[in-house]
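Below, each chain spelled out in residue letters.
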Amino acid sequence: MSRLDSFIRRLTAQRDILNHVAADLDLPGEGALMEIGLGNGRTFNHLRELFPNRRIVAFDRAMGAHASSVPVQEDLVIGEISQTAPAFIGKEAAFVHADIGTGYPEKDAVTLTWLPDLAAGMLAKGGIAVSGLPLDHPMLKPLPVPASVPTDRYFLYRKI
Ligand SMILES: C[S@@+](CC[C@H](N)C(=O)[O-])C[C@H]1O[C@@H](n2cnc3c(N)ncnc32)[C@H](O)[C@@H]1O
């Protein structure tokens with residue numbers, strides 16, 4: 001499969017799962033959404049449309065978002081996520097989305113030494129995690145993804 005096809009599959013899977021969460025799954029309480037890897041801000045922009053009444057906190061090592069998709073200053077956390085985001089553990093987030101896979105297995109293996117604990121720790125009980133990398137964690141129960149999402153292309157969990 002070409003990298004273009006793979007990219008399109010990743011983004012289609014991401015969008016379909018996010019739409020499924022908004023349409024079909026309950027999020028707990030009034031908690032915030034955590035956008036781990038703001039990037040260009042396209043997903044942040046989509047989340048803002050899907051969840052207009054929720055705070056969205058976004059993380060990245062640098063601000064690279066399009067001007068239309070920049071979080072308010074207090075909800076933008078700049079720095080290495082493994083260093084900055086642990087301050088949000090225990091904050092009872094309703095939802096975590098992580099789009100920080102690189103396509104390099106050795107780099108993603110390093111990310112996976114801390115990302116599952118981070119996602120589980122940020123979420124309230126019943127909260128939802130969506131990730132491009134698998135989050136293997138005893139407190140994160142895998143949920144079925146929409147039929148349009150290829151197996152192991154994007155992942156969906158509820159915190160138990
Ligand atoms: C694939 S992009 C996210 C794209 C985003 N979903 C969008 O809609 O534009 C991943 C982003 O995560 C950031 N990132 C990845 N790993 C990171 C880390 N360990 N610490 C800080 N930022 C990281 C990168 O700088 C990049 O901007």
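Coordinates for the structure precede this section.
If you're wondering where the values come from, they're calculated on a predicted model, not measured in any experiment.

1. Focus: the packing of helix α1 (residues 3-24) against helix α2 (residues 42-50)
Step number 1: α2 packs onto α1 with a crossing angle of 20° between their chain directions and a minimal axis gap of 10 Å. With respect to α2, the axis of α1 lies roughly parallel. Relative to α2, α1 is oriented so that their crossing is right-handed. Taken together, the residues of α2 that come into contact with α1 (itself represented by Gln14, Arg15, Leu18, Asn19 and Ala22) are Thr43, His46, Leu47 and Leu50.
Step number 2: For the contact of α1 with α2, the residue count by class is four nonpolar, four polar and one charged.

2. Examining the site of the ligand
Step number 1: In the vicinity of the ligand lie 15 residues, with Asn40, Thr43, Asp60, Ile81 and Asp99 positioned nearest.
Step number 2: Arg42 is positioned with one of its backbone polar atoms (N or O) 3.1 Å from an oxygen atom of the ligand.
Step number 3: In this structure, Ile81 approaches the ligand through a main-chain N or O atom, which is 3.0 Å from a nitrogen atom.
Step number 4: In terms of residue class, the shell around the ligand is made up of four nonpolar, six polar and five charged.

3. Overview of unusual backbone geometry
Comment: phi is negative for the bulk of residues other than glycine, and the bulk of peptide bonds are trans.
Step number 1: One non-glycine residue, Glu92, lies in positive phi territory at about 60°.
Step number 2: Position of Glu92 relative to the elements: it lies in the loop between α3 (81-84) and β4 (93-98).
Step number 3: Positioned with a positive phi, Asp152 is a non-glycine residue whose angle comes to about 60°.
Step number 4: On the secondary structure map, Asp152 appears in the loop between β6 (140-142) and β7 (155-159).

4. A look at the side chain of Asp108
Step number 1: Within the fold, Asp108 resides in helix α4 (residues 105-111).
Step number 2: Buried charge without a salt bridge: Asp108, with Arg153 as the nearest opposite-charge side chain at an N-O distance of 8.1 Å.
Step number 3: The contacts of Asp108, once residues within four sequence positions are left out, are Ile100, Gly101, Thr102, Gly103 and Leu133.

5. Some remarks on the nonpolar core
Step number 1: Counting 25 residues, the largest nonpolar core has Met34, Ile36, Phe59, Leu115 and Met122 as the members making the most contacts within it.
Step number 2: If you list the elements that add at least two residues to this core, you get β1 (33-36), β2 (56-60), β4, α5 (115-122), β5 (123-131) and β7.
Step number 3: Other than its neighbours up to four places away in sequence, Met34 contacts Val57, Phe59, Phe88, Ala93, Phe95, Val96, His97 and Met122.
Step number 4: Leu38, Ile56, Ala65 and Val130 belong to the second largest nonpolar core, which has 23 residues in total.

Thresholds, definitions, all that
- Residues numbered from 1 in each chain as written.
- Predicted model: local features only at pLDDT ≥ 70, side-chain atom pairs only at ≥ 80, totals over all residues.
- Heavy atoms only, no water.
- Axes fitted to C-alpha atoms, helices over the stretch in contact; angles between N-to-C directions.
- Helix = DSSP H or I, 4+ residues; strand = E, 2+ residues; numbered from the N terminus.
- Parallel < 35°, antiparallel > 145°, perpendicular 65-115°, else oblique.
- Left-handed = near helix turned anticlockwise from the far one by under 90°.
- Contact = heavy atoms within 4.5 Å.
- Nonpolar A, V, L, I, M, F, W, Y, C, P; charged D, E, K, R; others polar.
- Near = heavy atom within 4 Å.
- Polar contact = N/O pair within 3.5 Å; in protein donor to acceptor, adjacent residues only side chain to side chain.
- Buried < 20%, exposed > 50% of the residue type's maximum accessible area, 1.4 Å probe, protein only.
- Lys, Arg positive; Asp, Glu negative; His and termini not counted.
- Salt bridge = Lys/Arg side-chain N within 4 Å of Asp/Glu carboxyl O.
- Core = buried A, V, L, I, M, F, W, Y, C linked by side-chain atoms within 4.5 Å.

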